[in-house]
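# Inside the fold
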Amino acid sequence: DVSDPDRLIQCPLVKHHQIRARRFPYHLVKCKESNPEIAKKLATCPFNARHLVPKADLSNHIMKCNDKTFMEQDVVSQSCEPAQEQLNNGSTWQAPPCNEDWET
């Protein structure tokens, strides 16, 4: 199950490292520090920092990344929300009455 925090994930830096999903982000930071030569050869996915792929494969990964679709859906829903709220609310805002008389 993808949402299980106890599932084991293989480290992209050192293949024999098996890490629990809940500890994976912390492991990546430490493992990058411990293996700087391997880390230099990997690139981080712009949609999910847990995705480390060989630099040569990054563009291919970006095109196929499952998290890209979630990001695109969020962007589309956020860009539609204000217009939708305005339609639902009817935008009945009015300026408060002004007691100033600029002529006097």
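Remember, predicted model here, so these are calculated numbers, not experimental data. (Residues numbered from 1 in each chain as written. Predicted model: local features only at pLDDT ≥ 70, side-chain atom pairs only at ≥ 80, totals over all residues. Heavy atoms only, no water.)

This part is about the pattern of salt bridges. Side chains bearing opposite charge may pair, as long as their charged atoms lie close to each other. One pass over the full model with this rule turns up 2 salt bridges. The residue R22 makes a salt bridge to D6 at a minimum N-O spacing of 2.3 Å. Within this pair, whereas R22 is found in the loop between β2 (18-20) and α1 (24-34), its partner D6 is found in the segment before β1 (8-10), the two being separated by 16 residues in sequence. Among the residues examined, R22 registers a relative accessible area of 47% and is labelled partly exposed. A residue is classified by how much of its surface remains accessible, and D6, at 34% relative accessible area, is partly exposed. A salt bridge links E37 to K40; the shortest N-O distance between them is 3.3 Å. Of this pair, E37 and K40 both sit in helix α2 (residues 36-40), 3 residues apart, roughly one helical turn. Using a relative accessible area of 52% as the deciding quantity, one classes K40 as exposed. (Salt bridge = Lys/Arg side-chain N within 4 Å of Asp/Glu carboxyl O. Helix = DSSP H or I, 4+ residues; strand = E, 2+ residues; numbered from the N terminus. Buried < 20%, exposed > 50% of the residue type's maximum accessible area, 1.4 Å probe, protein only.)

Mapped onto this numbering, the UniProt entry gives "domain: CHHC U11-48K-type" (unreviewed entry) at residues 8-35 and 42-69. Helix makes up 39% of residues 8-35 and strand 21%, and the two end C-alpha atoms of the span are 21 Å apart. The span residues 42-69 is 39% helical and 21% strand by assignment, and the distance between its end C-alpha atoms comes to 22 Å. (UniProt positions renumbered as here; feature names shortened; annotations may be inferred.)

Take the nonpolar core next. Generally speaking, nonpolar side chains in soluble globular proteins are found buried as a group. The biggest cluster of nonpolar side chains holds 11 residues, and these are I9, C11, L13, V14, I19, A21, F24, L28, C31, L42 and L52. With near-sequence residues (within four places) excluded, F24 lies in contact with I9, Q10, C11, P12, I19 and R50. (Core = buried A, V, L, I, M, F, W, Y, C linked by side-chain atoms within 4.5 Å. Contact = heavy atoms within 4.5 Å.)

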